[in-house]
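Fold and contact review
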Amino acid sequence: MPRESEPPASLAVPGDLDAALAGARRRLGVFGRDFHHFETVGSTNDVANRLALSGAPEGTTVVADAQTAGRGRMGRTWYSPSGAGLYVSVVLRPGPTPSPALWTLVAGVGLAEALRRVSGLDVRIKWPNDLVLGRKKICGILAEGSASRGATRHVVVGFGINLRPVAYPADLSGRATSLEGELGRPVERGIVLTASLEALATHIEDVRNSGVGPILDRWRALAPSSIGSQVEWRIPGGVQRGTTAGIDQDGALLVGTGGGIERIVAGEVRWL
Ligand code: BTN
């Protein structure tokens, strides 16, 4: 019997993903070199985290056709039925800088650009890192770090891309869309996967070489709603409203209120 903490054994890589990865190998660097595919797992982030804790290198990639316990931000579940989406987690070994929070913005830029490139759709970022078409979400990103004595050991960047239209649960219907639903034609998941991994590899390398300045500028260009939008968020005993005023160097959302500029680091902001 495998112990509870051991990931399930991965399957042979399906032909479509294998061919796409082989074709993109040179552009992917270490990303996808150590590749694990599952028909069904609880959460690909959990599997990638366990692999990272047992020494898996940067770029280790976990893909599942379905998740039974897919996780979203703020403790939500990520609806992950078979065949409807691409459920992916990659291991990063970022070193001391920048912070894990900034790596999630880097991932947001990379994935937004990858989806724009493969689909031609006007994919935008909504703070902190939802990828949207208009007001509908097409991809969610969940970055989870592991630290030891204050130092980041690894970061798992998990992303779920909606590939095909499905009957979403009531709370999602009207708020989610998919690549095939928008394009009205089939989309090859291997192309979406390799474009995503390539964009992550490129942007992570850029940040290591040039720092976070250029990628934050790119994030701002892809996230027009981060300036001049009306938002509200919960505060103890009520709700605060304000107007978005960009992000700072740490990726926090700045919001102008009657009382000055608030800096929102985590938590839920509702766009009005
Ligand atoms: C969000 O928008 O709330 C983040 C959603 C992240 C979902 C992905 S799917 C692959 C990876 N595994 C998980 O359990 N979550 C992420």
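Residues numbered from 1 in each chain as written. Predicted model: local features only at pLDDT ≥ 70, side-chain atom pairs only at ≥ 80, totals over all residues. Heavy atoms only, no water.

1. So, the sheet that holds strand E10 (residues 253-257)
The criterion, for reference: Strand pairing requires that DSSP identify at least two bridges connecting the strands. Working definition: helices are DSSP H or I runs of at least four residues, strands are E runs of at least two. Numbering for both runs from the N terminus.
As summarised here, the arrangement of the five strands in space is E11-E10-E9-E8-E12, forming an open sheet in which the pairing is antiparallel. On the outer flanks of this sheet lie strand E11 (260-264) and strand E12 (270-271), each paired with one strand and no other. Of the strand pairs in this sheet, strand E8 (residues 227-235) and strand E9 (residues 238-247) are connected by seven bridges, and their pairing is antiparallel. Its bridge partner lying in E9, Val231 is registered against Gly242.

2. Digging into the environment of Ser229
Worth spelling out the cut-off: Residue burial is assigned from relative accessible area. The probe radius is 1.4 Å, only protein chains are included, and a residue is buried under 20% of its type maximum, exposed over 50%, and partly exposed in between. Whether two residues are in contact is decided by their heavy atoms: any pair within 4.5 Å suffices.
Assignment of secondary structure puts Ser229 in strand E8. For Ser229, a relative accessible area of 16% translates into the label buried. With sequence-adjacent residues up to four places away left out, Ser229 is seen in contact with Gly242, Thr243, Thr244 and Trp271.

3. Points about the side chain of Asp65
Here Asp65 lies in strand E2 (residues 61-67). By relative accessible area, which is 17% here, Asp65 ends up buried. Other than its neighbours up to four places away in sequence, Asp65 contacts His37, Phe38, Glu39, Pro81, Ser82, Gly83, Tyr87 and Arg189.

4. A closer look at the domain arrangement of the protein chain
Going by this rule: For the purposes of this description, domain bounds are those given by an automatic or database domain assignment. Using a 1.4 Å probe, buried area is obtained as the accessible area two parts lose upon being combined, added over both of them. Polar contacts here mean pairs of N or O atoms no more than 3.5 Å apart (in protein, one a potential hydrogen donor and the other a potential acceptor; neighbouring residues in sequence count only if both atoms are side-chain atoms). Only Asp, Glu, Lys and Arg are considered charged in this grouping, and only Ala, Val, Leu, Ile, Met, Phe, Trp, Tyr, Cys and Pro are considered nonpolar; every other residue, Gly among them, is considered polar.
Under the domain assignment used here, the protein chain contains domain 1 (15-222) and domain 2 (224-271). Once you take the C-alpha centre of each, domain 1 and domain 2 turn out to be 25 Å apart. Counting residues at the interface gives 16 residues for domain 1 and 17 residues for domain 2. Of all residues in domain 1, Lys126, Trp127 and Arg220 give up the largest surface area on contact with domain 2, accounting jointly for 46% of the area buried on that side. The interface formed by domain 1 and domain 2 holds four residue pairs in polar contact (both at pLDDT 80 or more) in total. Considering every element that reaches the side of domain 1 that touches domain 2, the biggest residue donor is helix H6 (residues 213-222), with five residues. Partitioned by chemical class, the residues of the side of domain 1 that touches domain 2 number 10 nonpolar, no polar and six charged.

5. Some points on the pairing of E2
Going by this rule: The handedness rule is simple: strands pointing away from the viewer, and a clockwise path from the first strand over the helix to the second, make the crossover right-handed.
Within E2, seven of the seven residues are buried, which leaves it mostly tucked inside the rest of the structure. Crossover handedness for the path strand E1 (residues 35-41) to helix H2 (residues 44-53) to E2: right-handed. Looking at chain direction, E2 and strand E3 (residues 85-92) are connected through four bridges and run antiparallel. Looking at E3, one finds that Val63 is bridged to Val88.

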